[in-house]
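If you want the building blocks of each chain, they are given just below.
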Amino acid sequence: MDCLEKIQMELEHSIDKHSKQLISKNIELLLDYCMRFYERQFITRSDSNKDVLIKFEQLLDEYLQSELPQREGLPTVKYFAGKMYLSPNYFGDLIKKETGKTAQEYIQNKIMDLAKERILGTSKTISQIAYELGFQYSQHFSCTFKKNTGYTPNEYKSQR
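Small disclaimer: the values here were computed from a predicted structure and weren't measured.

A. Just the overall build of the chain, in detail. Across its full length, the chain holds 10 helices and 0 strands. The linear arrangement of helices and strands in the chain, starting from the amino end, is α-α-α-α-α-α-α-α-α-α. Whereas a compact globule of 160 residues would reach a radius of gyration of roughly 15 Å, the chain reaches 23 Å, over 25% beyond that. Overall size of the chain, expressed as C-alpha extent along the three principal axes, is 80 × 35 × 25 Å. The proportion of buried residues among the 160 residues of the chain is 32%.

In structure tokens:
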């Protein structure tokens, strides 16, 4: 409240050339307090954050084991945030604080782990695996796979 009162005072009684700078410094201080409050909740809610992460992993596994990838495509952060009744930004921040990875990286790593299993564990084609995982184009799958593993899917299969 002190910051807001100082801003209001400067707006109402602009006396000198320092008023704009004082207003902006008080706004900056207010925003710093807001960020502190926002980030503090990730520390003080550690147990409930872990529950969110567990639920996220469960939902992600269910998504990838279902027919949803073929119907809906690759899973999105927005989809899981909605399932957990959180905003995508808040959900993403929470996952980042808990895992050190963005929610999108987390999803992509899970998909790539599953892709590795399917490449080695089935006789399906790369295109079939790509489609099952939610990729619209097998070329996109191959590029993503190579970016994550350093190998194309076929190179990965032949090396194992």
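B. Representation of helix α9 (residues 138–149). With 12 residues, α9 should cover 16 Å at 1.5 Å per step; its first-to-last C-alpha distance of 16 Å lies within 8% of that length. What α9 keeps buried is the set Phe141, Thr144, Phe145 and Thr149. Projected down its long axis, α9 carries its buried residues within an arc of 110°, all on one side. Turned more than 90 degrees away from the buried face of α9 sit Gln139, Cys143 and Lys147, all of them exposed. Those residues of α9 hidden inside the fold are in contact with α7 (103–121), α8 (126–133) and α10 (153–159). Positive phi appears at Gly150, one or two residues downstream of α9, with a value of about 90°.

C. Inspection of the packing of α7 against α8 at higher detail. Across the interface, α7 lies against α8 with an axial gap of 10 Å and an inter-helix angle of 145°. In this structure, α7 crosses over α8, and the sense of that crossing is right-handed. Counted together, Ile111, Leu114, Ala115, Arg118 and Ile119 of α7 and Ile126, Ile129, Glu132 and Leu133 of α8 form the full contact between these two elements. Split by residue class, the contact of α7 with α8 holds 7 nonpolar, no polar and 2 charged.

D. Representation of the nonpolar core within the structure. By size, the foremost hydrophobic cluster in this structure holds 32 residues, and its most contacted members are Phe56, Phe80, Phe91, Ile95, Leu133 and Phe141. Where this core is concerned, the elements lending two or more residues are α3 (46–65), α5 (77–83), α6 (88–99), α7, α8 and α9. Per element, the largest residue contribution to this core is 8 residues, and it comes from α7.

Cut-offs applied
- Residues numbered from 1 in each chain as written.
- Predicted model: local features only at pLDDT ≥ 70, side-chain atom pairs only at ≥ 80, totals over all residues.
- Heavy atoms only, no water.
- Helix = DSSP H or I, 4+ residues; strand = E, 2+ residues; numbered from the N terminus.
- Rg over C-alpha atoms; globule rule 2.2 N^0.38 Å.
- Buried < 20%, exposed > 50% of the residue type's maximum accessible area, 1.4 Å probe, protein only.
- Expected span 1.5 Å × (residues − 1).
- Arc of directions from axis to C-beta.
- Contact = heavy atoms within 4.5 Å.
- Axes fitted to C-alpha atoms, helices over the stretch in contact; angles between N-to-C directions.
- Left-handed = near helix turned anticlockwise from the far one by under 90°.
- Nonpolar A, V, L, I, M, F, W, Y, C, P; charged D, E, K, R; others polar.
- Core = buried A, V, L, I, M, F, W, Y, C linked by side-chain atoms within 4.5 Å.

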